[in-house]
Amino acid sequence: MTAAASTQRLDGIRAFLLDLDGVITPTAEIHRRAWSSLFTAEFAKHGVAPYTERDYFEHLDGKPRFDGVRDTLASRGIELPEGSPDDTPDAETVGGLGNRKNAEFARLLAADGIAAYPGSLEFLRAIAATSIRTAVVTSSRNGRTVLEAAGLGRRFTTIIDGVHAAELGLPGKPAPDTYLQAARELDVPAAECAVVEDAESGVASGAAGGFGAVIGVDRGAGHDALRANGATLVVDDLADLIPLLTPTGKGTGA
């Protein structure tokens, strides 16, 4: 895509609605490790085809935790009782497996810590010099914890995470509802918002919501896959978007 075409697609954008894991912070890598640990053992227990990296991108990336568990089990024809979101991590239920993964994620996050991508910090600093608004939209119930760990706890006033979405009864990605909720809370029409996602399910949710732009950040899904799911522009890093911002935010609204 040419720079001119990219600029045209961002004309009139008054808000960026940003996924967290894989867009702002490299927590997607921690999620990948935690999911791999869970399903490598689970699939071996059931004697089915081994877990692969492709399973993450096709069945887990960007989705609410328990939806991801269901879809990944279904990919191997495994059926488990639904259980409850409050199930203990040792329970052989959808709820139990989801919480087992979350316990491993929390362990890895505590052990390794997290920092935002340098290019994402550059982008956020550039946005601060304009009147363009921002929100975080993440399926993770750990969203606020991750932002705090990355030193960004006070950077965003509008955060739609897995906890808030559940409180509102919103379906997760690839449905557009969480992104539409962020636009409502910012009081910016969807047509004047850009969704920024690294997951195939996330760009699909942006494409389904009538947003002004759907920007894919390629952290491993691939440019072609992101475009196939609805991305109107694909970049390798958020810093690549900085040349498309106006210094004062003129023309992007208040």
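Residues numbered from 1 in each chain as written. Predicted model: local features only at pLDDT ≥ 70, side-chain atom pairs only at ≥ 80, totals over all residues. Heavy atoms only, no water.

An unreviewed UniProt entry annotates the protein as HAD-IA family hydrolase of Gulosibacter faecalis. On record in UniProt, under Sequence similarities (unreviewed entry), the comment for the protein is "Belongs to the HAD-like hydrolase superfamily. CbbY/CbbZ/Gph/YieH family." If you open the UniProt record of the protein and go to Cofactor (unreviewed entry), you find "Mg(2+)". (UniProt positions renumbered as here; feature names shortened; annotations may be inferred.)

Visitor: Tell me about the layout of surface pockets, and name the residues and values.
Guide: To find leftover empty space, a probe the size of one water molecule is rolled over the atoms. A volume near 290 Å³ is recorded for the largest pocket. Lining the largest pocket are 23 residues; nearest its centre among them are P64, R65, F66, D67 and R141. Those elements giving two or more residues to the lining of the largest pocket turn out to be α4 (65–74), α5 (94–112) and α8 (162–168). With four residues, the single largest contributor to the lining of the largest pocket is α4. Each residue belonging to the lining of the largest pocket can be placed in one class, and the counts come to eight nonpolar, eight polar and seven charged. (1 Å grid on protein atoms, 1.4 Å probe; cavity = no way out; pocket = protein on both sides within 12 Å on 5 of 7 lines; lining within 4 Å. Points joined across faces, edges and corners; volume = space filled by probe spheres on them. Helix = DSSP H or I, 4+ residues; strand = E, 2+ residues; numbered from the N terminus. Nonpolar A, V, L, I, M, F, W, Y, C, P; charged D, E, K, R; others polar.)

Visitor: Summarise the confidence of the model for the protein; cite the residues concerned and give the values.
Guide: On average, residues of the protein carry a pLDDT of 91, and 93% of them reach 70 or more. Confidence drops under a pLDDT of 50 for residues 1–5, and excluding neighbours within four residues, the segment shows five contacts in the predicted structure. Across residues 248–254, where pLDDT falls below 50, the model places 16 contacts with residues more than four positions away in sequence or in other chains. (pLDDT = per-residue confidence, 0-100. Contact = heavy atoms within 4.5 Å.)

Visitor: Let's hear about the pattern of salt bridges: which residues, and what values?
Guide: By the definition in use, this model includes 18 salt bridges. The partner of E192 in a salt bridge is R14, and the shortest N-O contact between them spans 2.8 Å. Taken together, the residues span a long stretch of sequence, with E192 in the loop between α9 (177–186) and β4 (193–197) and R14 in the loop between α1 (3–10) and β1 (15–18) at a distance of 178 residues. A relative accessible area of 26% means that E192 is categorised as partly exposed. R70 serves as the salt-bridge partner of E82, at 2.6 Å between the closest nitrogen and oxygen. Of this pair, E82 sits in the loop between α4 and α5 while R70 is found in helix α4, placing the two residues twelve residues apart along the sequence. A cluster of three or more residues bridged by salt bridges with shared partners is formed by E42, K45, E92 and R100. (Salt bridge = Lys/Arg side-chain N within 4 Å of Asp/Glu carboxyl O. Buried < 20%, exposed > 50% of the residue type's maximum accessible area, 1.4 Å probe, protein only.)

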